[in-house]
Amino acid sequence: MQEEKKVHLRLVRHKWADEIEIEKKKKRKNIAIISAITVSFVMGMLLSYVFFVPSNTNNQSKDSAIFESVYRIMGNKWYFSKDNENIKDDLMYDAITGMVNGQGDPHTVYMNAEQVKQFSSSLNNSIIGIGVRYIRNDGYVLVREVLNGSPAEASGIQSGDLITKVDGVDLAPLNDEEVQNRVRGEVNSEVTVTILRDGETKDVKIIRKEIYTSVTSKILDNNIGYIQINSFSTQTAEELKVHLDVMVANNVNKLVLDLRDNGGGYLHTLLKMASYFLPEDVVVLQQEYVDGTIQLSKTSTGMYDFDDLVLLVNENSASCSEVFAAALREQRGVKIVGTTTYGKGTVQVSQAFGDGSALKYTVAAWLTPNGESINGVGVTPDYEVRLDDALYLPYFAFEEDEVYHYDTVNEQVAAMQKILRFLDYPMKRVDGYFDQQTYHQLKEFQKDHGIEATGDLDYKTSNTLNQAVILNWSSNRMKYDVQLKKALEVLHG
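Residues numbered from 1 in each chain as written. Predicted model: local features only at pLDDT ≥ 70, side-chain atom pairs only at ≥ 80, totals over all residues. Heavy atoms only, no water.

**Side note on the nonpolar core**
Counting residues in each nonpolar core, the largest one holds 41 residues, and the members touching the most others are Ile227, Leu240, Leu244, Leu255, Phe277 and Phe324. Listing elements by their share of this core, those giving two or more residues are β11 (224-229), α8 (236-249), β12 (254-258), α9 (267-275), β13 (283-289), β15 (308-313), α10 (320-332) and β18 (358-367). Ranked by the residues each element gives to this core, the list is headed by α10, at 7 residues. Aside from chain neighbours lying at most four places away, what touches Leu240 is Val215, Ile227, Ile229, Met273, Tyr276 and Phe277. Core analysis: the next-biggest nonpolar cluster, separate from the first, contains 26 residues, Val413, Leu423, Phe434 and Phe445 among them. (Core = buried A, V, L, I, M, F, W, Y, C linked by side-chain atoms within 4.5 Å. Buried < 20%, exposed > 50% of the residue type's maximum accessible area, 1.4 Å probe, protein only. Helix = DSSP H or I, 4+ residues; strand = E, 2+ residues; numbered from the N terminus. Contact = heavy atoms within 4.5 Å.)

Have a look at this one:
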């Protein structure tokens, strides 16, 4: 749920907490002193050394002594160390992360105790909160999706709402973690969110509940079930089984499994879920280790007896999503619809340390049941289908005094034109030239949304365009989701 400031993508690959930390390059705060285990690993028995290394020490001791010398100099003699009260903690953290990050593997990363907590939370499929998925828009929370059966849904929160305050606290100056801490809380506790909708502000009281976020489903026409799987978290397999049992009880015989924007999760969860759709003792993936050995991972139980399946994927489907898709295609002939997946073909494990920190590192490459690698390549769908261009655009992130007028050319104008076209305003050109038609259609949009009809693309209009896209997509999925339409077409034969 966290997004980089000023870069807001509508369709985003779920990112691990550690990847977010790398990309944002946030200043680390309150880092615990490295535990005795970590210190002994890095320094060995070198605490008595300062600058000199005895001539009979081995290469490892020499390297460790150099590290210790630099660490002491930077912590005690470096002039600017006086400006950082946590200098030694920061030096140790930076030394470890530099050693890890410098190898070029974005999935191998050292995490401090707080980052480990966030990482573990990202793989847990339940939270205590109000039940919305959101992105940050101009510092505020733009509701992207309201979860079925959630407290937010019961309180009338809608996709496209802009949450500006929580319990009276303005969200704009807060970072992502602070926003989450404001929204989440104890079970059955009350929170008041202030929303902006169609230019009007109102307070909404919501009772927090435990929210399960991994799986949602609904039954479509002609006994076709639709199941969206958002991650392969700790309890996702159990969640999915509940939804599958509901499908069986309602005589559903065909399924669309939606893995779009699913960034992956746990291998054991993947194997359980694959077992629902494949026969027992069938290979789901191969894992190749550093010594060249190959380990086969197989299904463990019998499968549900659905007549046909179609998978939905996109460029943000990664890791376990890709394993799952490749396995079902190779072992069952399941058709895949969407766009080529992310291409994450490696497996990670975590080594915990005594202070709560951990090293998550790549331990193997994974291959499809047929021995194919998708690392850096992805899984190519059987039916390549893209959504409307407007759904791939960056969100507008205007400054308050930023304005674009008629007879100008700008990439922001091109984005606006694509959005207006998506919102069913007639638009002949989407090349960024602010022509007469663009001017008039923008005025119509402004009138329709209670904004002063200036015909200028400004701060307020850009925010309203952002909200309109989210609301239109969420409210009219069967109209605009051409990938889902194609999946249903494939099922219908």
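Still more ground to cover, so stick around.
**Remarks on unusual backbone geometry**
We note that Asn188 has phi near 70°; this positive angle belongs to a residue other than glycine. Within the fold, Asn188 resides in the loop between α7 (176-183) and β7 (190-197). The backbone of Asn222 sits at a positive phi, close to 60°, despite the residue not being glycine. Residue position: Asn222 is located in the loop between β10 (215-220) and β11. The class of Asn222 is exposed, set by a relative accessible area of 60%.

**Let's talk about α9**
Regarding α9, the residues found buried are Thr269, Leu270, Leu271, Met273, Ala274 and Ser275. Residues of α9 that are buried make contact with β11, α8, β13, β14 (294-298) and α10.

**Here we look at the sheet that holds β15**
The 6 strands are arranged β10-β11-β12-β15-β16-β19 in an open sheet whose pairing can be described as mixed. At either margin of the open sheet sits one strand with a lone partner, and together these are β10 and β19 (383-384). Summarising the sheet, β15 and strand β16 (residues 335-338) pair through 4 bridges and their orientation is parallel. When the bridges of β16 are listed, Val313 appears paired with Gly338. Its contacts with the sheet put α8 on β10, β11 and β12, and the angle it makes with β10 is roughly 15°. (Pairing = 2+ DSSP bridges. Axes fitted to C-alpha atoms, helices over the stretch in contact; angles between N-to-C directions.)

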